[in-house]
Amino acid sequence: MDRHPAAPGPAVADGRPPAPDPTPAPATPAPVPPAAGGRTPRPGRRLAAAQAVWALGYLAAAVLGGLTRLPSPPVAFVWPAAGVAVLWFVLTPPRYRLRVAMPLLLGLAFVANLATQAPALVSAAFALANVAHAVVGGTVFLRLARRTPDTLRDGHGLLALGAASAAGAVAGAPVLLAVLGPQGLAGALEIVLLWVPRFAASTAVVMALVLAWRAARADAGAAAAAGTAPRGRRPLEVALVLPAALAVNTVVYARQDEDAFAFLVLPVTVLVGWRLGPAWTATYGALTAALGVVATLQGYGPFSTVRPVTTQTLVVQAFIAVTGLVGLALSIEVVQRRLALEASDRRGDVLARTLEAAVVPNALLVLAPPAAGTVRYANPAMERWWSDDGGGGTVVGRRWPDLLDPAEHAGFAAVLADLATGRVGSWEGQLVHRTRSGERRTCLLVAAALHDEGPAGQPERVANVQLVDVTERTDLEARLAHQAMHDALTGLPNRVLLLDRIAQALAAAPRAGGAVAVLFLDLDHFKRVNDSLGHAVGDQVLAEVATRLVRAVRPGDTVARLGGDEFVVCCPAVADRAAGAALAARVLREVCRPVTVDGREVGVGASVGMTLARAGTDPGDLLREADTAMYEAKVDGRGRAAFFSERLFDRVRLDLELDGELRAAVAERAFVLHVQPLVEIATGRVTAVEALLRWQHPRRGLLLPGAWLDVAETSGLMPRLGAWALDAALAGWPRVARRHGEHVRVHVNVSAAQLRDGGFGGVVEAALARTGTPPDRVVLELTETHLLTVHDALVAELDRIRSLGVRLSVDDFGTGYSSLTQLTALPVDEVKIDRSFVAAMTTDPRSRAVVEGVVAMARAMQLDVVGEGVETREVARALADAGCRVAQGYLWGRPAPLGEDPEEG
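Cut-offs used in this document
- Within every chain, residues take consecutive numbers counted from 1 along the sequence as written.
- For this predicted model, a pLDDT threshold of at least 70 governs which residues receive local features, and a threshold of 80 or more governs which side-chain atom pairs are given and counted, while totals over whole chains, interfaces and linings are taken from all residues.
- Note: side-chain values were computed over all heavy atoms of the structure, leaving out hydrogens and water.
- Working definition: helices are DSSP H or I runs of at least four residues, strands are E runs of at least two. Numbering for both runs from the N terminus.
- Accessible area is worked out with a 1.4 Å probe on protein chains only. A residue is then buried under 20% of its type maximum, exposed over 50%, and partly exposed in between.
- A contact between two residues is defined here by any heavy atoms of the two lying within 4.5 Å.
- Methods summary: accessible areas were calculated by the Shrake-Rupley approach with a probe of 1.4 Å, and residue burial reflects only the protein chains presented.
- Every axis corresponds to a line fitted to the C-alpha atoms, with the helix fit spanning only the stretch in contact, and the corresponding angles, defined between N-to-C directions, vary from 0 to 180 degrees.
- These descriptions rest on fixed angle ranges, namely under 35 degrees for roughly parallel, over 145 for roughly antiparallel, 65 to 115 for roughly perpendicular, and the rest for oblique.
- Take the far helix as your reference; a near helix turned counterclockwise from it by less than a right angle gives a left-handed crossing, and one turned clockwise gives a right-handed crossing.
- We count a salt bridge whenever a side-chain nitrogen from Lys or Arg sits within 4 Å of a carboxyl oxygen from Asp or Glu.
- Criterion used throughout: strands pair if DSSP finds at least two bridges between them.
- A helix is expected to span 1.5 Å multiplied by its residue count minus one.
- Pairs of N or O atoms are called polar contacts if they sit within 3.5 Å, as long as, within protein, a hydrogen donor faces a hydrogen acceptor (for residues adjacent in sequence, only side-chain-to-side-chain pairs).
- Pairing of aromatic rings covers Phe, Tyr and the six-membered ring of Trp, with a centre-to-centre limit of 6.5 Å; geometry is then stacked below 30 degrees between planes, edge-to-face above 60, and tilted otherwise.
- All residues other than Ala, Val, Leu, Ile, Met, Phe, Trp, Tyr, Cys, Pro, Asp, Glu, Lys and Arg, Gly among them, are scored as polar; the first ten of these are nonpolar and the last four charged.
- The quantity called pLDDT is the predictor's confidence in a given residue, expressed from 0 to 100.
- Buried Ala, Val, Leu, Ile, Met, Phe, Trp, Tyr and Cys residues that are joined via side-chain atoms within 4.5 Å together make up what is termed a nonpolar core.
- Exposure above 30% relative accessible area and no salt bridge define the residues that can form patches, which grow by joining like charges within 9 Å and nonpolar side chains of Val, Leu, Ile, Met, Phe, Trp and Tyr within 5 Å.

Peer 1: Sorry, what's going on with the overall build of the protein chain here?
Peer 2: When you go through the protein chain residue by residue, the secondary structure sums to 28 helices and 22 strands. Taking all 905 residues of the protein chain together, the buried fraction comes to 48%. Considering only contacts in the protein chain between residues 6 or more positions apart, those separated by 24 or more positions represent 67%. For the protein chain, the accessible surface area stands at approximately 41400 Å², while carbon and sulfur atoms represent 58% of it.

Encoded structure:
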């Protein structure tokens, strides 16, 4: 035990232990002023300066501790140097704590003890015990106070401080006992009782004082940097409360033999902690601790008569620690509560300002009957939206159902009831509203139940309502959806919508009675009209034919345009073949009359093919049969109607013959690839090529897909043929890259049959591995009809392909029913606008509008766009003006064999 003079332990007289430095060096030493010549000291010099400051602080604290030396046993009553030692460890940069600071502390403590004529063993014991106290206490504090290890700001930090003080003190005692050797149970207990309380209390007081003031300085600096006033207490309040509290302590410690009077310091300690803040409370704690120690040593105060000395030390240190921690804990709690209230007020102010400045209409609705739905509060945006005509009045006090279209009242009443009873916490949906002027607006309404305070202060459940006007968006979606499933020129349904209508008619046929008839109408010699009079006149003729067809059919029939001069009529509930023939005759009479365009009569003729649904036929079968019958009508002389009959099955026989030839051709790989470039309109630079499959027929020569593709699809050959085409296209990419550059991509068409049964991702992956083609140079083109069969398996298959780096494109966009929801569900990268819209851009405003709409939609969905079928520079310019960057067509080249230059158009 420290019965000999020792610097770092409870040292004795001549060693004069050090006192705590009120403002010790920070964790990162403060910059030293530049040396002569303007040089900034090196980091090593700054470290040395900081360690010197700590050493001086430690010695000063040891001197103060030495002044409290007892005559018997000859030990210091308090040891503030213990707190400085822990701070030295905590506030030294981590890499220098054990390498520099603690060895310096060990040597300093040992030398100081030797200087007081303490034996070497005792000096070493005290030195090691001091170091153990600093290392263990500092480590515990750093572990427990991770958020603010260099300041004291909250209750967590205060607990960390208490734990660190106790742990350090307890850690030092075994070291001291181990070095001093056997002391017996009584001697060891005396060492522990003299060591632990003094070191724990002294450490807590010194660390609290320093760290609380560091926190106060940091807060003041942050406030100055932010340009706000610091949160410190007013000097007048400090000047009144602190001296008064110290005076009470002085009175208490001036008495003798009155232990109960010690508790009089608790009320003033609470007052200081409540009013002055942590920094001044820590200062008060240090001053009262010093006052108590001095009074006790002088024989005054409530603890002056406690004996023996070990018990007196224990009682005094415990009293100092408890009263100090109580005041500091109260002070920190008061500050934390004040900060929380200020933060809450700021959040409330920000919320109020946000609601007032929000551009989204917002309101609070009463949920309790009988005023359910009444608007209690509306922000300015809500008032502006409701009174969009600029008139007066306010929406507050009105019932929200009064703002709704009458058809929405019942549904919204149910929503309010669910929110009021708590069956749902929130609701979201689209409702049609009416503004003050009566204008109907489609709005997305989001309602959430909240707890509020009613007019009489009672708790009340209200609904927070936010309103987003989506009228323009829903109108645009409706227009785009209509454009996607209707023909741009005539406004009639397109192929995909027609197939859907035929399917519905077939499903309803057993209930409706009769058969489903399909009429396929093609204008005779219409190409002459376009060639001689121009496409503009041709478009007017087509529009008039569409109008006549709608007039000729029954109200429940569907008239569609498939493209070009082809029209189809779906007629449910046709009694028999005779009724179908009468309908076809009426259609021909209505259509085959001259059309007057700009004062000129244009003759119109048409051929009609017709079929009646039989058991097992599907929409595709009916279209093919009616198409076959229409060609039969043309063969028979045009201008007439023909029924699909048994003799037309000869055509099926020919298809079977073609099927056999196709199978042989697939086995012999009698196919070749042609490529057509995709170019950048502005520069003419080739960005990609599309691989197009051709059949080298042994008798009929080179056949385009139109002559055999349908047969290949129906015969199940497309997966094999498509896989071969993919391999050939990828294998040919290096030749394309050498000609046009490594940036060029190769587009390969994908059949629906290739995707139908799954596993296509593996086919693509194998082709990439075999050919070594970079995946990001491959684009797979899906026809728009794939959008009709979006399902999880297809999306997963396409996701797998995209994960390889391959891009996906939607071909012939606009000719089918392109649901925006379905399009967004597919992981595609590009849209190719169908040639029928692109070619008509310069002559048909509606076609141009479709192209511009598709480009805008693709941009919004972050998809690339390619225009197909560009044959003139006028169309190319119009396409570029619409925002389309890349195009394809005869203007830049016709398809040519892979490796040859495309034939220019």
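So much for the structure itself; the text now carries on.
Peer 1: Please clarify how the packing of helix α23 (residues 760-771) against helix α24 (residues 792-803) should be interpreted in this entry.
Peer 2: Packed helices, taken two at a time, are described by the angle their axes make and the gap between the axes. Two elements in contact, α23 and α24, have axes whose closest approach is 8 Å; the angle formed by their N-to-C orientations is 15°. Classed by the angle they form, the pair α23 and α24 counts as roughly parallel. The crossing of α23 and α24 is right-handed. Side by side, α23 and α24 meet where Phe760, Gly761, Gly762, Val764 and Glu765 of the first sit next to Glu797, Arg800 and Ile801 of the second.

Peer 1: What is the right way to look at the pattern of salt bridges in this model?
Peer 2: Tallied over the full model, the rule gives 36 salt bridges. The partner of Arg800 in a salt bridge is Glu765, and the shortest N-O contact between them spans 3.0 Å. Here Arg800, found in helix α24, pairs with Glu765, found in helix α23; they are 35 residues apart in sequence, far enough to count as distant. The closest approach of N and O atoms between Arg777 and Asp776, which form a salt bridge, is 3.4 Å.

Peer 1: Looking at this structure, how should I read the sheet that holds strand β7 (residues 558-563)?
Peer 2: Across a sheet, strands are paired by hydrogen bonds formed along the backbone, either parallel or antiparallel in direction. Spatially, β7-β8-β6-β11-β12 is the arrangement adopted by the five strands of the open sheet, whose pairing is mixed. Since the sheet does not close on itself, it has two edges, and those belong to β7 and β12 (641-643), each with one partner. Across the sheet, the mean angle from the axis of one strand to that of its neighbour is 20°, orientation sign disregarded. Examined bridge by bridge, β7 and strand β8 (residues 566-574) share five bridges and lie antiparallel to one another. The partner of Ala560 across the bridge, within β8, is Val568.

Peer 1: Please explain the pairing of strand β16 (residues 745-750) as it appears in this structure.
Peer 2: Across a regular strand the side chains alternate sides, sitting on one face of the sheet and then on the other. Pairing of strand β14 (residues 686-697) with β16 involves four bridges; the strand directions are parallel. The residue of β16 that forms the bridge with Glu690 is His747. Sheet topology places β16 next to strand β17 (residues 778-783); five bridges connect them, and they run parallel. By the bridge assignment, Val750 is partnered in β17 with Leu782.

Peer 1: Sorry if this is basic, but what is going on with helix α17 (residues 619-635) here?
Peer 2: For an α-helix, 3.6 residues make a turn, and residues three or four places apart therefore share a direction. Helix length check: α17, at 17 residues, gives a terminal C-alpha distance of 24 Å against a target of 24 Å (1.5 Å per residue), a fit within 8%. For α17, the full list of buried residues reads Pro619, Leu622, Leu623, Glu625, Ala626, Thr628, Ala629, Met630, Glu632, Ala633 and Lys634. Its side-chain oxygen placed 3.2 Å from the backbone nitrogen of Gly620, Asp618 serves as the N-cap of α17. Where α17 ends, the next residue or the one after it, Gly637, has phi of about 125°, a positive value.

Peer 1: Got a minute to help me understand the packing of aromatic side chains in this structure?
Peer 2: Both the distance between ring centres and the angle between the ring planes are used here to describe each pair of aromatic rings. In total, this model carries seven aromatic pairs according to the counting rule given. On the numbers, 5.1 Å between centres and 80° between planes, the contact of Trp213 with Trp280 is edge-to-face. Taken together, the positions of Trp213 in helix α6 (residues 184-226) and Trp280 in helix α8 (residues 265-297) put the pair 67 residues apart, joining distant regions of the chain. Residue class for Trp213 comes out partly exposed when judged on its relative accessible area of 27%. An aromatic cluster of at least three residues, connected via ring pairs, comprises Phe671, Trp695, Trp708 and Trp724.

Peer 1: What am I meant to see in the packing of helix α2 (residues 81-90) against helix α4 (residues 120-144) here?
Peer 2: Where α2 contacts α4, the axes come no closer than 8 Å and their chain directions differ by 55°. When the interaxial angle is binned, α2 and α4 end up oblique. By crossing handedness, the relation of α2 to α4 is classed as right-handed. Across from Ala82, Ala85, Val86, Phe89 and Val90 in α2, the residues of α4 making contact are His133, Ala134, Val135, Gly137, Gly138, Thr139, Phe141 and Leu142. Of the residues contributing to the contact of α2 with α4, the split by class is nine nonpolar, four polar and no charged.

Peer 1: Which parts of the structure should I look at to understand the environment of Leu91?
Peer 2: Considering the arrangement of structural elements, one finds Leu91 in the loop between α2 and α3 (94-115). Classification of Leu91 as buried rests on a relative accessible area of 1%.

Peer 1: Please clarify how the confidence of the model for the protein chain should be interpreted in this entry.
Peer 2: Note: predicted coordinates in regions of low pLDDT should not be interpreted at a detailed level. Per-residue confidence for the protein chain averages 82 on the pLDDT scale, and 85% of its residues sit at or above 70. Taken element by element, the predicted model of the protein chain shows its lowest mean pLDDT in helix α25 (residues 820-825) (66) and its highest in strand β21 (residues 886-888) (95). Within the model, the stretch residues 1-38 combines pLDDT values under 50 with 155 contacts to residues more than four positions away or in other chains.

Peer 1: Is there a simple way to think about the nonpolar core in this case?
Peer 2: Across soluble globular proteins, you tend to see nonpolar side chains buried next to one another. Ranked by internal contacts, the top residues of the largest apolar core, which has 81 residues, are Tyr58, Leu87, Leu105, Phe141, Leu152 and Trp195. Of all the elements, α6 adds the most residues to this core, at 14 residues. Judged by nonpolar contacts, the second largest core, of 78 residues, contains Leu703, Val806, Val838 and Ala858.

Peer 1: Help me understand a nonpolar patch on the surface, please; the structure alone is not making it clear to me.
Peer 2: A grouping of Val63, Leu64 and Leu67 is seen on the molecular surface, where their side chains present a nonpolar patch of about 250 Å² in accessible area. Residue position: Val63 is located in helix α1 (residues 43-66).

Peer 1: Please clarify how the side chain of Ser607 should be interpreted in this entry.
Peer 2: For Ser607, the location among the structural elements is in strand β11 (residues 606-612). The class for Ser607 is buried, based on a relative accessible area of 0%. For Ser607, the residues in contact, after removing those within four places along its chain, are Phe520, Leu521, Asp522, Asp524, Met630, Ala633, Lys634, Arg638, Gly639 and Arg640.

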